[in-house]
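This is what each chain is made of:
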Amino acid sequence: MSSTSLLEIEAADVIRLMQQFLKENNLPKTLQALQDETTVTLNTVDNMEAFTADILAGRWDMVFSTITQLKISQKKLVDLYEQVTLELIELREISAARSLLRQTDPMQFLKDHYPDRYLHLEHLLSQTVFDATEAYLPFEGATKASRRAQIAQALSSEVTVVPPSRLLSLLGQSLKWQASQGMLEPDAPYDLFRGAAPLATSGEDQPPTECYNSIKFPKKAHAECVVFSPDGQCLATGSVDGFIEIWNYVTGKLRKDFKYQAEDSMMLMETPVLSLCFSPDSQHLASGSQDGLIKIWKLSSGQCIRRFPAAHSQGVTSLSFSKDGTQVLSSSFDQTLRIHGLKSGKMVKEFRGHGSFVNGVVWGGDGGSRVISGSSDGSMRIWDTKSTNCLLTVHLHEGQVVTSGVHSPTVNAVMPMPRTLDRFLVCNKSSYVYLVNIKGQVVKSFTPTVNAGTPVTASHYVCVTTSPRGDYVYCATESNHVHVYHSESGKMVTSFKASEAEMIGLAHHPVSNIMAAYSDDGIVSLWKA
C-alpha cells in the first residue's frame, strides 16, 4: 500500500481551514461561533516576526488584538497579563493597571493559584514610586526586556504561521491535479460545491437558434440516438458502431473525468445503438441495440450492471425508465413493447397489438398506470400497464383523429409533455405534430403556416422535442429545418436550418435553453438561445 493511501485528514484541520477563510474575509462573528461550537481554534498569526516584535516592543494593544482570536494556555496568559500590569504601573497608568489586575480572568487565576505574586502586584499599585528592581524581584533578577523575550518565546510556541488563502489554494491544487489526470475538462466550467459542471438555468424558455458548438463523428459512425441526463450534467450518444459516449455539451468534448473514457474503455454494444435513456437520478443509462439487446450501465464506472440479452427479437427503438427507476419500458421493430425488471433481470410485461414497427413508447398517467406507443402501422395506442390491455387506438391525419378506415402516416415518435401526466406529443410522418391527451383526444395540432409574410414549406416531420417547461415545441423536418411552435397558441414563431444532411433527431436539455440536433453526416450540432 502506498504512503499516500495511508494519508488521513484530521477534522480539526478542515475546521481550521474554514476558520482561516472566515478570518481573512472579515467574518469575526461567524469565526467566533465556529470556534465556540467546535472548541477548535485557529491559533495562527499572519506574521510571526511582527507578532514577536510587538511583544518585544511592548505594543500590548496589538498583542491583545491578536491573542483574542487564539487559544493560549492559562499559565502563559497569566505571565502576559502580569507583565502588562507591571508596565502599566511603571507608566503610572494606575487605573488601567488596577482594572487589568482585578477584572480579568487571567489575574483572577493568578490570585487563586499564585497569591504571593498577586499580592506583589497589589503592593506595587500602592507605591508612589516604581522601583524596577523590586518589581522584577519575583522573577529572579529578570529585567523588563528579558521578561518580554521570555513571554515572546512562550507565546510564539503556541501559534503557527500558514500561507494566506490556504483553503482556496488547496482546492485549486486539487482541481489542477484532477485536470492533469483527465478527470476534469481543462477549459470547462465547474461547480466546485456540486462537484460537477454548473447547472445552467434560464428564467424562461427561449428557442435555441444559435449553433455554438458541434460534435463530429466519422460519417460511418454517426450518432443514432442522443439524450441529456435529467440532472443536466451529461450528453450521451449512441452510434452505429456500437459505442456509447458521454460528452461535455458546453465544450463538445468527450468527458475524460469518467475514468473509463479517459482510458478508452468505452461502453459498447455489439451492434448499432438505436436507443438510450437515463434513469431519473441520472446514475444509470439504458441502451438498446439493433440485435434486440438491452444493457443497463452505471454511469460513474461505465460498468454494465444488467443485461437483457433477448429483450426483443429485433432492434430496440426506444427506452424509458419508470419513475422509481426499477423498470425499463422498451419498444421494438418486432412490433411489441415490453417492461423489464432491473432487479429480476427478466421481462415482466409484454404488450402486443401493433401491426408494424413500434417506434416510440413512454409511460403515462398517474404513477405510470398507462403506456403510450406509436407505430409504423399509423396508430398511437394507450395501454393499461397492469393488465397490458390496449385501452384505445388512435389514428391521426391532417390535424385530427380519424377512423381506422383512413390511412394515417407512420408515427415516428411519442413523448410526454413537460409538467403534465396526461398529455403527449405525437409526431407522425406528415406536416403535423399533435398534442394528445390520455383519452386520445387531440388538444392541439402544430403545422407550418405563413410566418411574418414568409411561406413555410410543408415538409414532413421526423421527430419532436420540447423546451424544459413545455412553452415551445421543436419539430425537425425532412428538409433538415427545425420549426419552433409556441405550445399555448399553436403558432409557429420561427424556423431555422439545423443541418446540411438528413436529420435523425433532436434532444433538449432538461433545464437550459440548449438543444442537440443530430444527422447522418456524423454531426451533433449544439444550439443555444
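From a predicted model like this one, the values you see are computed outputs, not experimental measurements.

Visitor: Hey, could you run me through the overall build of the chain in this one?
Guide: When you go through the chain residue by residue, the secondary structure sums to twelve helices and 30 strands. Over its C-alpha trace the chain gives a radius of gyration of 36 Å, far above what one expects of a compact globule, namely 24 Å for 529 residues. Considered along the principal axes of its C-alpha atoms, the chain spans approximately 120 × 60 × 45 Å. With 529 residues in all, the chain has 47% of them scored as buried. Considering only intrachain contacts with a sequence separation of at least 6, the fraction spanning at least 24 residues in the chain is 49%. With an accessible surface of roughly 25,700 Å², the chain has 52% of that area assigned to carbon and sulfur atoms. Looking at charge distribution, the chain has the averaged site of its 47 positive side-chain charges lying 5 Å from that of its 54 negative ones.

Visitor: Looking at this model, I keep getting lost on the nonpolar core. Mind explaining?
Guide: If you look at soluble globular proteins, the nonpolar side chains tend to sit buried side by side. In terms of nonpolar packing, the biggest core is built from 35 residues, with I55, I67 and L80 touching the most fellow members. When contributions to this core are tallied by element, the ones reaching two or more residues are α3 (48–56), α4 (60–67), α5 (74–90), α6 (94–103), α7 (105–113), α8 (115–126) and α10 (144–156). Among the elements that make up this core, the one with the highest residue count is α5 (seven residues). Here L80 is in contact with W60, V63, F64, I67, I151 and L155, once residues within four sequence places are set aside.

Visitor: Would you take a moment to explain the environment of R255 for this structure?
Guide: As for its placement among the helices and strands, R255 is situated in the loop between β5 (253–254) and α12 (259–262). Judged by its relative accessible area of 10%, R255 falls in the buried class. With 20 residues separating them in the primary sequence, R255 and L235 have C-alpha atoms 9.4 Å apart.

Visitor: Is there a simple way to think about helix α1 (residues 11–24) in this case?
Guide: Along an α-helix, a turn takes 3.6 residues, which lines up residues three or four apart on a common side. Look at α1: 20 Å from first C-alpha to last across 14 residues, which is about the 20 Å you get at 1.5 Å a residue. Residues of α1 that are buried: I15, L17, Q19, Q20 and L22. Residues of α1 that are buried in the fold lie against α2 (28–38) and α11 (166–180). Among the residues trailing α1, N26 stands out with phi positive, at a value near 55 degrees.

Visitor: What am I meant to see in α2 here?
Guide: Buried within α2 are the following residues: L31, L34 and Q35. Looking down the long axis of α2, one finds its buried residues gathered within 100 degrees of arc, a one-sided arrangement. Summarising the geometry of α2, the exposed residues directed more than 90 degrees from the buried face are K29, D36 and E37. Residues of α2 that are buried sit in contact with α1.

Visitor: Explain the side chain of N428 to me, please; I cannot follow it from the model alone.
Guide: In this structure, N428 sits in strand β21 (residues 423–428). On the accessibility criterion, N428 (0% relative accessible area) is buried. Within the local environment of N428, its side chain forms a polar contact with the backbone oxygen of L396, the two atoms lying 3.3 Å apart. Side-chain polar atoms of N428 contact the side chain of S430, separated by 2.5 Å. What N428 contacts, discounting residues up to four positions off in sequence, is L396, P409, T410, V411, N412, Y434 and Y461.

Visitor: Help me understand the sheet that holds strand β12 (residues 327–332), please; the structure alone is not making it clear to me.
Guide: Where strands meet in a sheet, backbone hydrogen bonds hold them as pairs that are either parallel or antiparallel. Within the open sheet, the four strands sit side by side as β11-β12-β13-β14. Their pairing is antiparallel. Two strands bound the open sheet, and with one partner strand each, they are β11 (316–321) and β14 (346–351). With strand direction ignored, the average angle separating the axes of adjacent strands in the sheet is 25 degrees. By the bridge criterion, five bridges tie β11 to β12 in an arrangement that is antiparallel. Considered in β12, the bridge of S320 is made with L329.

Visitor: I'm lost on the packing of aromatic side chains in this one. Help?
Guide: The tally for this structure, following the rule as stated, stands at ten aromatic pairs. It is R117 that lies over the ring of Y114; its NZ or CZ is 5.0 Å from the centre. The positively charged end of R147 is found above the aromatic ring belonging to F139, 4.3 Å away from the centroid.

Visitor: For this particular structure, what's the right way to read a nonpolar patch on the surface?
Guide: On the surface, F21, L168, L171, Y190 and L192 cluster together to form a nonpolar patch covering roughly 400 Å² of accessible area. Along the polypeptide, L192 turns up in the loop between α11 and β1 (210–216). L192 gets classed as partly exposed once you look at its relative accessible area, which sits at 43%.

Visitor: Help me out: how do you make sense of the sheet that holds strand β22 (residues 433–437) in this one?
Guide: Pairing within the open sheet is antiparallel, and its four strands lie in the order β20-β21-β22-β23. Looking at which strands have only one partner, the edges of the open sheet turn out to be β20 (411–416) and β23 (442–446). The mean inter-strand angle of the sheet, taken between neighbouring strand axes irrespective of direction, is 20 degrees. Strand direction decides the pairing type here: β20 and β21, joined by five bridges, are antiparallel.

Visitor: Explain unusual backbone geometry here, please?
Guide: What you tend to see is this: most non-glycine residues have negative phi, and most peptide bonds are trans. One non-glycine residue, N43, adopts positive backbone phi at about 50 degrees. Of note, N43 is situated in the loop between α2 and α3. If you check the backbone angles, N480 has positive phi at about 70 degrees while not being a glycine. Assignment of secondary structure puts N480 in the loop between β25 (472–477) and β26 (481–486). When its relative accessible area of 11% is taken as the criterion, N480 is described as buried.

Visitor: I tried to follow the pairing of β21 on my own but got confused; where do I start?
Guide: Most of β21 sits out of view: five of its six residues are buried. Adjacent in sequence and paired antiparallel, β20 and β21 are bridged by six residues, among which R419 carries a positive phi angle near 70 degrees. Inspection of the sheet shows β21 paired to β22 by five bridges, in the antiparallel sense. Looking at the pairing, L425 lines up with L435 of β22. Taking the residues that link successive antiparallel strands as the turn, the β21-β22 hairpin has four residues.

Visitor: In this structure, what is going on with the confidence of the model for the chain? I would like to understand it.
Guide: In the predicted model, the chain carries a mean pLDDT of 90, and 93% of its residues have values of at least 70. Under a pLDDT of 50 for its full length, residues 1–5 has, in the predicted model, one contact with residues more than four places off or in other chains.

Criteria and thresholds
- Residue indices follow the written sequence of each chain, beginning from 1 at its first position.
- It should be noted that, the model being predicted, local features are given only for residues of pLDDT at least 70 and side-chain atom pairs only at 80 or more, the latter also being counted only at that level, while totals for whole chains, interfaces and linings use all residues.
- Values reported for side chains reflect all heavy atoms of the structure, with hydrogen atoms and water molecules removed beforehand.
- Every helix listed is a DSSP run of H or I at least four residues long, and every strand listed is a run of E at least two residues long, numbered separately from the N terminus.
- Here the radius of gyration uses the C-alpha set of atoms, whereas the globule reference equals 2.2 Å times the residue count to the power 0.38.
- When a residue's accessible area, from a 1.4 Å probe over protein chains only, is under 20% of the maximum for its type it is buried; when over 50% it is exposed; and in between it is partly exposed.
- Every residue pair with non-hydrogen atoms within 4.5 Å of one another is taken to be in contact.
- A 1.4 Å probe and the Shrake-Rupley method give the accessible areas. Residues count as covered only by the protein chains that appear here.
- Charged residues are defined narrowly, with Lys and Arg counted positive, Asp and Glu counted negative, and His plus the chain ends left uncounted.
- A charged residue contributes its charge at one atom only: NZ of Lys, CZ of Arg, CG of Asp or CD of Glu.
- By nonpolar core we mean a set of buried residues, namely Ala, Val, Leu, Ile, Met, Phe, Trp, Tyr and Cys, connected to one another through side-chain atoms within 4.5 Å.
- An expected span of 1.5 Å times one less than the residue number is assigned to each helix.
- An arc is given here, and it is the one of the directions from the helix axis to the C-beta atoms.
- Distance and chemistry together define a polar contact, namely a pair of N or O atoms within 3.5 Å, with one atom able to donate a hydrogen and the other to accept it when in protein, and with adjacent residues in sequence counting only for side-chain atoms on both sides.
- Strand pairing follows a simple DSSP-based rule, namely that at least 2 bridges must link the two strands.
- Comment: axis = line fitted to C-alpha atoms, over the contacting stretch for helices; angle = value between 0 and 180 degrees taken between N-to-C directions.
- Between 30 and 60 degrees the pair is tilted, below 30 it is stacked and above 60 it is edge-to-face, where a pair is any two Phe, Tyr or Trp rings, Trp via its six-membered ring, whose centres lie within 6.5 Å.
- Geometrically, a lysine NZ or arginine CZ counts as sitting over a ring once it is within 6 Å of the ring centre and also within 35 degrees of the ring normal.
- Residues enter patches when they are more than 30% accessible in relative terms and free of salt bridges; like-charged ones are connected within 9 Å and nonpolar ones (Val, Leu, Ile, Met, Phe, Trp, Tyr) within 5 Å.
- Put simply, a salt bridge is a Lys or Arg side-chain nitrogen that is within 4 Å of an Asp or Glu carboxyl oxygen.
- As a per-residue measure, pLDDT tells how confident the predictor is, with possible values from 0 to 100.

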